[in-house]
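# Results of the structural survey
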Amino acid sequence: MVRDAVLERASSQIGLKPIFEFEGQEIHVVLIAPWTPPLIAKWWRGKSASIIAADVDGNFFLHHCDGSVRYYVHFQKSEKVVTKSFKDFVAALREDHNGSIEWWKKEHSDADT
């Protein structure tokens, strides 16, 4: 199965609050992109990669040319391998069934007042 089909299937099954857990942190995924061209940006100095997902803070999950998925955090200008393969990344996505991202809703509603 090609990457596009895997992401389309994942995005249709996850629901509205997908979570990716990494190093004990629950990352709220707000975008799953079935297809993107290879990344070309002034801030990206790595090898060929495509954006496959983004979190609530605007950080990216990148499908790297070596097959791994990496988490790029903009303010740190750093990337970490989060899974060895694209399929492992998709399999690790889950719905926020325990309300762990409720803090985000509260923090943003307080900031609006």
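First things first, this report covers the structure right here in the doc. Keep in mind that this is a model prediction, so the values were computed, not measured.

Definitions and limits used
Counting restarts for each chain, with residues numbered from 1 along the sequence as it is written. The predicted origin of the model limits local features to residues at a pLDDT of at least 70 and limits the giving and counting of side-chain atom pairs to 80 or more, whereas totals for whole chains, interfaces and linings rest on all residues. Derived side-chain values reflect all non-hydrogen atoms in the structure, with water molecules and hydrogen atoms excluded from consideration. A pair is scored as a salt bridge if a Lys or Arg side-chain nitrogen falls within 4 Å of a carboxyl oxygen belonging to Asp or Glu. Runs of H or I in DSSP of at least four residues are treated as helices and runs of E of at least two as strands, each being numbered from the N terminus. Remark: exposure states derive from per-residue accessible area (1.4 Å probe, protein chains only) relative to the maximum for the residue type, with buried under 20%, exposed over 50%, and partly exposed in between. Between any two strands, at least two bridges found by DSSP are needed for them to pair.

This model, assessed by the stated rule, comprises 5 salt bridges. Across the pair Glu23 and Lys80 runs a salt bridge, and its minimum N-O distance is 3.2 Å. Of this pair, Glu23 sits in the loop between strand S1 (18-22) and strand S2 (25-32) while Lys80 sits in strand S6 (residues 78-83), placing them 57 residues apart in sequence. The exposure class of Glu23 is exposed, given its relative accessible area of 60%. Arg94 is the salt-bridge partner of Glu26, the closest N and O atoms lying 2.2 Å from each other. Taken together, the residues Glu26 in strand S2 and Arg94 in strand S7 (residues 94-95) connect sequence positions 68 residues apart. Judged by its relative accessible area of 26%, Glu26 falls in the partly exposed class. The structure contains a network of salt bridges with shared partners spanning Glu21, Glu26 and Arg94.

What follows is about the sheet that holds strand S4 (residues 60-64). Spatially, the 7 strands line up as an open sheet ordered S6-S5-S4-S3-S2-S1-S7, and their pairing is antiparallel. Strands with a single pairing partner mark the edges of an open sheet, and in this sheet they are S6 and S7. Two elements, S1 and S7, share 2 bridges in a ladder whose sense is antiparallel. Across the sheet, residue Ile19 finds its bridge partner in S7, namely Arg94.

Fair warning: the whole summary comes from geometry, so function is off the table for now.
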